[in-house]
Structures are given as structure tokens and as C-alpha cells.
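# Secondary and tertiary structure notes
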Amino acid sequence: MSMLIPDPLEPFLIFHPWLLNLAFACGARFREFAVTTFFFEVFLIEQDLIQAPYRLNFLGILSTENGTPATIGFFSKEKTPFIAFVLGGPGSGKGTQCAKIAEAFGFTHLSAGDLLRKEISSNSENGAMILATITEGKIVPSGVTIKLIRREMESIENNKFLIDGFPRSEENRIAFERITGVEPNIVLFFDCPEDEMVKRVLGRKQGRVDDNIDTIKKRLKVFAALNLPVINHYTRRGKVYKINAVGTIDEVFEKVRQVFDDCKMIK
Ligand SMILES: Nc1ncnc2c1ncn2[C@@H]1O[C@H](COP(=O)(O)OP(=O)(O)O)[C@@H](O)[C@H]1O
Ligand SMILES: O=c1ccn([C@@H]2O[C@H](COP(=O)(O)OP(=O)(O)O)[C@@H](O)[C@H]2O)c(=O)[nH]1
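Residues numbered from 1 in each chain as written. Chains lettered and ligands numbered in written order. Predicted model: local features only at pLDDT ≥ 70, side-chain atom pairs only at ≥ 80, totals over all residues. Heavy atoms only, no water.

Put simply, the rule is: UniProt positions are given in the numbering used here, feature names are shortened, and annotations may be inferred rather than shown by experiment.
In the annotation of an unreviewed UniProt entry, the entry for the protein chain reads UMP-CMP kinase, and the organism field reads Nelumbo nucifera. Taken verbatim from the UniProt record of the protein chain, the Subunit (unreviewed entry) comment is "Monomer." Turning to the protein chain, the UniProt annotation filed under Sequence similarities (unreviewed entry) states: "Belongs to the adenylate kinase family. UMP-CMP kinase subfamily."

Put into C-alpha cells, the structure is as follows:
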């Protein structure tokens with residue numbers, strides 16, 4: 001579970017941006033201090049020891065020598081990949097469409113849910129916590145999911161990724177952007193009525209612990225409360241392609257295909 005930073009530290013976190021900028025302005029010795037605290041911050045995020053409001057204060061802060069904002073980023077400028085986040089409620093068809101996009105357009109499909117389920121079956125240290133979270137339809141701590149996504153992205157040569165089912169909350173989104181230093185190029189949003197999603201999930205029959213009516217109801221609530229704000233954020237940034245997910249798999253894919261055909265940024 002996340003832990004709040006104790007209250008006495010709050011003023012420091014709020015003034016941390018100022019401190020870091022001051023440190024950069026003061027010269028090389030202070031820069032070392034700034035960089036060290038920056039990586040300490042990455043560690044805190046990865047361990048899920050600080051929560052979003054604190055991250056917002058604690059982050060968004062560093063300036064590089066030429067004045068551009070610095071990020072923790074793990075991609076070099078030449079190797080920054082094309083990233084499409086694929087979002088939509090449970091059963092809206094994200095995974096099904098991602099498989100088709102990957103085949104047609106040469107993307108690597110990373111399903112956050114599949115990565116988490118793999119962690120459960122590999123008996124990793126977080127397995128029990130992930131299983132309990134998924135069974136309750138809740139969201140796994142950002143640090144855990146991002147570590148898995150990052151590991152896959154670093155180990156795969158491709159520079160075109162579909163990230164399916166992530167970010168599921170504003171906290172997920174902010175942590176991902178700060179840790180990787182990149183935003184998605186586009187966001188696909190599969191818009192599907194709730195009754196259709198329920199029907200599809202109940203018909204999925206893959207033996208998933210969360211594909212039962214009680215957990216589905218919880219997942220739909222979590223989607224509306226936490227995932228829609230992410231979609232709204234990227235809509236404001238002009239990145240969302242909203243696809244009506246009703247229709248046959250092929251009919252939906254025709255709409256998806258158009259988005260990718262028209263997307264000049266994909267090399
Ligand atoms: N357009 C569609 N029409 C009917 N069933 C679909 C459609 N797209 C996907 N499905 C089925 O619905 C279920 C959920 O789809 P899936 O791709 O796993 O959704 P998600 O990844 O969004 O949870 C699967 O059994 C899938 O075969
Ligand atoms: O970034 C993620 C992706 C998935 N999950 C968990 O994994 C479950 C299944 O997610 P998936 O994307 O596989 O399926 P969907 O609910 O979209 O059908 C979710 O309900 C969450 O509990 C999570 O916590 N973080």
C-alpha cells in the first residue's frame with residue numbers, strides 16, 4: 001500500500017522545485033545534489049512510497065542547463081519510441097483490436113493486465129498483492145506496473161508500442177510520464193456501452209478471477225471514476241481517437257485501421 005510522506009516534510013516537498021532550480025543556478029557542486037535527490041525521487045516512486053499530490057510537488061521541477069525541463073527519461077532522443085495507449089472499459093475489445101493492430105502495423109503489443117497476470121503466475125514477490133488487487137477490481141500501485149512495462153520496452157528492439165489497459169488512473173499517468181520522460185503519441189479509446197461490456201466479459205471464458213459479475217461491476221465503477229479522467233486529460237491534449245466499439249471485430253478494426261493509416265507520425 002502507498003504510504004504518505006509524513007507531514008513535516010510537506011513544506012520541503014513544496015519548495016523542492018525552487019531548491020533544485022536554485023541548486024542548478026549555483027553551479028556544478030549543487031547540481032550533483034539536485035541529480036541525487038532526483039534519482040532518490042525515482043526510487044520513492046518505484047517503491048510506491050509517495051503519492052500523486054506529493055509527486056506533483058516533488059516533481060515537475062528540474063531545469064537542465066539550457067533551461068528545458070528535465071525528466072528521468074529512459075529513452076535516448078534518437079530512440080524515443082512511438083507509443084499508443086489503448087484505453088476503454090473492461091471487455092471493450094482493447095486486447096482483440098491490439099492483436100490486429102500489431103499484426104497489420106508492426107507494433108509490439110504490451111498488455112498491462114497480461115504482464116500483471118504473468119507476475120502472479122511466476123510467484124514473484126508482488127504476486128499475492130497483485131492477485132488480491134485484480135480480484136477486487138482495483139488498481140495495482142503505479143510503481144509495480146510501470147516497472148513491468150519498462151522492463152518489456154527496454155528488452156524489445158521495436159520502436160512502436162501499443163500499451164493496452166494502462167494508464168488506468170491519473171496517478172498511473174503522471175508516474176509513467178515522469179519516469180519515462182515521454183507522453184503517448186496517440187491514445188485510442190474504445191467507447192462501449194456498459195451492457196455490451198458486461199456481456200463480452202462474461203462470455204470471455206479465459207478463467208480470469210475478475211471475469212465475474214461482482215468484480216465486473218467494481219471494474220466498471222473504477223473505470224468511470226479513475227480511467228475516464230485520463231482520457232479527458234489526453235482529449236484536452238488533442239491525442240485521443242475515440243472509436244465506437246460496437247460492431248463486429250472486423251467492423252471496429254476498419255475504424256482503427258483508418259486512424260493508423262492517417263497517422264503520419266508512424267514510421
Ligand atoms: N467487436 C466485438 N464484438 C463482439 N465480441 C468482441 C468484440 N471485440 C472483442 N470481443 C470479445 O469480447 C471479449 C472481450 O474482449 P477483449 O479484447 O478481451 O477486451 P478488453 O481487452 O478490452 O478487456 C473477448 O471474448 C472478445 O473475443
Ligand atoms: O495498468 C493496469 C492494468 C490492469 N490492472 C489490473 O488488472 C485488471 C485487468 O485488466 P485488463 O486490462 O487485463 O482487463 P480489462 O479489465 O480491461 O478487461 C484490472 O481490473 C486491474 O485490477 C491494473 O491494476 N493496472
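### Some points on the overall build of the protein chain
Rules: Every helix listed is a DSSP run of H or I at least four residues long, and every strand listed is a run of E at least two residues long, numbered separately from the N terminus. Only protein chains enter the calculation, and the probe is 1.4 Å; a residue is then buried if its accessible area is under 20% of its type maximum, exposed if over 50%, and partly exposed in between. For every accessible area listed, the method is Shrake-Rupley and the probe measures 1.4 Å; residues are considered covered only by the protein chains on display.
For the protein chain, the count of helices and strands is eleven helices and five strands. Out of the 267 residues belonging to the protein chain, those deemed buried represent 46%. Carbon together with sulfur atoms contributes 56% to the accessible area of the protein chain, which is approximately 14000 Å² in total.

### Examining the site of ligand 2
Test applied: If a single non-hydrogen atom of a residue is within 4 Å of a molecule or strand, that residue counts as near it. In protein, a polar contact means a hydrogen-donor-capable atom and an acceptor-capable atom, both N or O and within 3.5 Å, with residues adjacent in sequence counting only if both atoms are side-chain atoms; elsewhere, any N or O pair within 3.5 Å suffices. Cavities and pockets are defined on a 1 Å grid built over the protein atoms alone: a cavity is a set of grid points where a 1.4 Å probe fits but cannot escape, while a pocket is an open set with protein on both sides within 12 Å along at least five of seven lines, and lining residues are those with an atom within 4 Å of any such point. Should more than half of a molecule's atoms lie within 2 Å of a pocket's or cavity's grid points, that molecule is taken to sit in it. The classification used treats Ala, Val, Leu, Ile, Met, Phe, Trp, Tyr, Cys and Pro as nonpolar, Asp, Glu, Lys and Arg as charged, and all other residues, Gly among them, as polar.
What surrounds ligand 2 is a group of 19 residues, the closest being Lys-94, Arg-117, Lys-138, Val-140 and Arg-219. At a separation of 2.5 Å, an oxygen atom of ligand 2 approaches a polar backbone atom of Lys-138. Residue Arg-219 places a side-chain N or O atom 2.9 Å away from an oxygen atom belonging to ligand 2. Relative to its unbound accessible surface of 510 Å², ligand 2 loses 97% to contact with the protein. Counting atoms within 2 Å of the grid points, the majority share of ligand 2 lands in the largest pocket. No other element matches the four residues that helix H5 (residues 112–121) contributes to the shell around ligand 2. A per-class count over the shell around ligand 2 returns seven nonpolar, four polar and eight charged.

### Things to note about the site of ligand 1
Every residue lining ligand 1 is accounted for by Gly-89, Gly-91, Ser-92, Gly-93, Lys-94, Gly-95, Thr-96, Arg-200, Arg-204, Gly-247, Thr-248 and Ile-249. Within the contact set of ligand 1, an oxygen atom lies 2.9 Å away from a backbone nitrogen or oxygen of Gly-91. Between an oxygen atom of ligand 1 and a side-chain N or O atom of Arg-204, the distance comes to 2.8 Å. Relative to its unbound accessible area of 560 Å², ligand 1 is 76% covered by the protein chains. Using a 2 Å cut-off from the grid points, one finds that ligand 1 occupies the largest pocket. With three residues, helix H4 (residues 94–105) is the single largest residue contributor to the shell around ligand 1. Residue composition of the shell around ligand 1, grouped by class: one nonpolar, eight polar and three charged.

### Quick word on the pattern of salt bridges
Operational definition: Within this document, salt bridges are pairs made up of a side-chain nitrogen of Lys or Arg and a carboxyl oxygen of Asp or Glu, the two lying within 4 Å of each other.
Scanning all chains against the criterion turns up 18 salt bridges. As a salt-bridge pair, Glu-183 and Lys-239 come within 3.1 Å of each other at their nearest N and O atoms. Of this pair, Glu-183 sits in the loop between helix H8 (170–180) and strand S4 (186–191) while Lys-239 sits in the loop between helix H10 (213–236) and strand S5 (240–244); the two residues are 56 residues apart in sequence, bridging distant segments of the chain. Judged by relative accessible area, Glu-183 falls into the partly exposed class, the value being 26%. Take Lys-239: its relative accessible area is 16%, and that puts it in the buried class. For Arg-219, the salt bridge is made with Asp-211, and the minimal N-O distance between the two is 3.1 Å. This pair shows no difference in class: Arg-219 is buried, exactly as Asp-211 is. Because the salt bridges share partners, they merge into one network encompassing Arg-204, Arg-208, Asp-210, Asp-211 and Arg-219.

### A few points about helix H6 (residues 127–135)
Operational definition: Relevant arc is that of directions from the helix axis to the C-beta atoms, nothing else.
For H6, the complete set of buried residues consists of Gly-127, Ile-130, Thr-133 and Ile-134. An end-on view of H6 places all buried positions within 130 degrees of arc, on one side of the element.

### Let's talk about the packing of H5 against H6
Counted only if it meets this: Here the axes come from fitting lines to C-alpha atoms, over the contacting stretch only for helices, and the angles between their N-to-C directions go from 0 to 180 degrees. What sets the label is the angle itself: under 35 degrees gives roughly parallel, over 145 gives roughly antiparallel, 65 to 115 gives roughly perpendicular, and the rest give oblique. Crossings are sorted by hand: turned counterclockwise from the far helix by less than a right angle, the near helix makes the crossing left-handed, and turned clockwise it makes it right-handed. For this analysis, residues touch if any pair of their heavy atoms sits within 4.5 Å.
The N-to-C vectors of H5 and H6 enclose an angle of 130 degrees; their axes lie 8 Å apart at closest approach. Judged by the inter-axis angle, H5 sits oblique to H6. In the packing of H5 onto H6, the handedness of the crossing is left-handed. Packed against H5, whose contacting residues are Leu-116, Arg-117, Glu-119 and Ile-120, the element H6 presents Gly-127, Ile-130, Leu-131 and Ile-134 at the interface.

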